[in-house]
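Inside the fold
The lines below spell out each chain.
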Amino acid sequence: MERLYRIISFPTFINMIENKVERYVNPTSWEDTYEGYMLRMMEKSENRKKVIEVLFDIVSPNKIEDVITNYLKLWAARWLCYGQCWSKTDESDAMWRIYCYDKMAVRIETTEDEIYSLLNHSNLPKTCVTEIRDVEYDLDSENILKSQAQVLKECQKTVDPFFHKRQAFEHENEKRVIIFDKEKSAITGFTAKGAAFNFHKNNQEIPLDKGLLFSKIEDEIIKMQYPYDEENLKREMLINIPDISRYIKSVMVHPQADDWIVNLVEKICNRVGIKCVGKSHMYDKLV
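The present account deals with the structure reproduced in this document.

Definitions and limits used
Counting restarts for each chain, with residues numbered from 1 along the sequence as it is written. With pLDDT at 70 or above as the cut-off, local features in this predicted model cover only qualifying residues; side-chain atom pairs require 80 or more to be listed or tallied, and sums for whole chains, interfaces and linings still use all residues. Only hydrogens and water are set aside; all other atoms, that is, all heavy atoms of the structure, feed into the side-chain values. Each nonpolar core is a collection of buried residues, namely Ala, Val, Leu, Ile, Met, Phe, Trp, Tyr and Cys, held together in the definition by side-chain atoms within 4.5 Å. Working definition: with a 1.4 Å probe on protein chains only, accessible area under 20% of the residue-type maximum means buried, over 50% means exposed, and in between means partly exposed. Under the DSSP-based scheme used, a helix requires at least four consecutive residues in state H or I and a strand at least two consecutive residues in state E, with every element numbered from the N terminus. Angular values range over 0 to 180 degrees, each being the angle between N-to-C directions of two axes fitted as lines to C-alpha atoms, with helices fitted over their stretch in contact. For classification purposes, an angle smaller than 35 degrees is called roughly parallel, one larger than 145 roughly antiparallel, one from 65 to 115 roughly perpendicular, and anything else oblique. Each helix crossing is assigned a hand: it is left-handed if the near helix lies turned anticlockwise from the far helix by less than a right angle, otherwise right-handed if that turn is clockwise. Throughout, a residue-residue contact means that at least one pair of heavy atoms, one from each residue, lies within 4.5 Å. Only one rule defines a salt bridge in this text: a Lys or Arg side-chain nitrogen within 4 Å of an Asp or Glu carboxyl oxygen.

Here we take up the nonpolar core. Note that soluble globular proteins tend to have their nonpolar side chains buried in a common cluster. Residues Met38, Val51, Leu55, Ile68, Leu74 and Ile217 are the most contacted members of the largest nonpolar core, which totals 40 residues. Of all elements in the fold, only helix 2 (37-41), helix 3 (45-59), helix 4 (64-80), helix 7 (144-154), strand 8 (174-181), helix 8 (189-203) and helix 9 (210-224) reach the threshold of two or more residues within this core. Formed by 35 residues, the second largest nonpolar core is a distinct cluster that contains Phe13, Tyr24, Trp86 and Ile115.

What follows is the structure, given as structure tokens:
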């Protein structure tokens, strides 16, 4: 039963306790701009051809149908995945400094089993699937697009790219939770085959340079693409927590938090039956 830790802001902690909800967000809303870099590129039409080019040259060389399949998987990952990040390290100087929240941060503890239990008995649609895995720190910061393409080449599932980060984040020792609604993805072998068939049918007698080739592939993808309404798509997913004292195993307060914050957190924890270990001793003065 692996123990996992997450540092959150004081308001987020209050919201979790009082409303008994966990919040999962679309990974492209995370602060790291390299996170889902290829997915972010798909938001602007002028960048989509670059994604197709990478898929065509690196991921599935010269295989039109596979390029279309991988593009549709990326598109679904962009809009239909929700994630949450935990650490296998109980605490560290780096984590407290990065997630300081004005020295009002709170570290919560749970287990992988409790996360699975929560999601399996939650209000999630039955079509949602959950992946909880260690993050691999194998992306190259100098050439992030090519690096992500190499990862995608070896991936089998839509959610796989979310479990790879740059080496600079290795200190996080992260385990990540990704939820994906597979029904809404509308990705089938028939969809890709249909787009590829139409591409070859409409362009068999047209000489295509690479620029025109990618434009024609994009045209067929757009026709087959699931018509997501960006304005109405959820940016987050709220999961009800029926038993907060079971889900949260312990709470720790930022090592430099004011006493009133520590006292308030302890009072709240006592009220709902959660173990509070008080303020972190990481920066205690030597006697």
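The structure having been displayed, the exposition proceeds.
With that out of the way, let us pick up the packing of helix 3 against helix 4. Close contact between helix 3 and helix 4 brings their axes to 10 Å; oriented N to C, the two are set at 130°. Taken together, the axis directions place helix 3 and helix 4 in an arrangement best described as oblique. Note on packing geometry: the crossing formed by helix 3 with helix 4 is right-handed. Of helix 4, the residues touching helix 3 (which contributes Arg48, Val51, Ile52, Leu55, Phe56 and Val59) are Ile64, Val67, Asn70, Tyr71, Leu74 and Trp75.

This part takes up the pattern of salt bridges. By the definition in use, this model includes 18 salt bridges. Here Arg3 and Glu109 are joined by a salt bridge, their closest N and O atoms 2.4 Å apart. On the criterion of sequence distance, the pair formed by Arg3 in strand 1 (residues 3-8) and Glu109 in strand 4 (residues 106-111) is long-range, its members being 106 residues apart. Among the salt bridges present, the one from Glu53 reaches Lys50, with a minimum N-O distance of 4.0 Å. With a gap of three residues between them, Glu53 and Lys50 both fall in helix 3, about one helical turn apart. Overall, Glu53 belongs to the partly exposed group, its relative accessible area being 26%. Residues participating in the shared-partner salt-bridge network are Glu2, Lys88, Glu112, Asp134 and Lys175.

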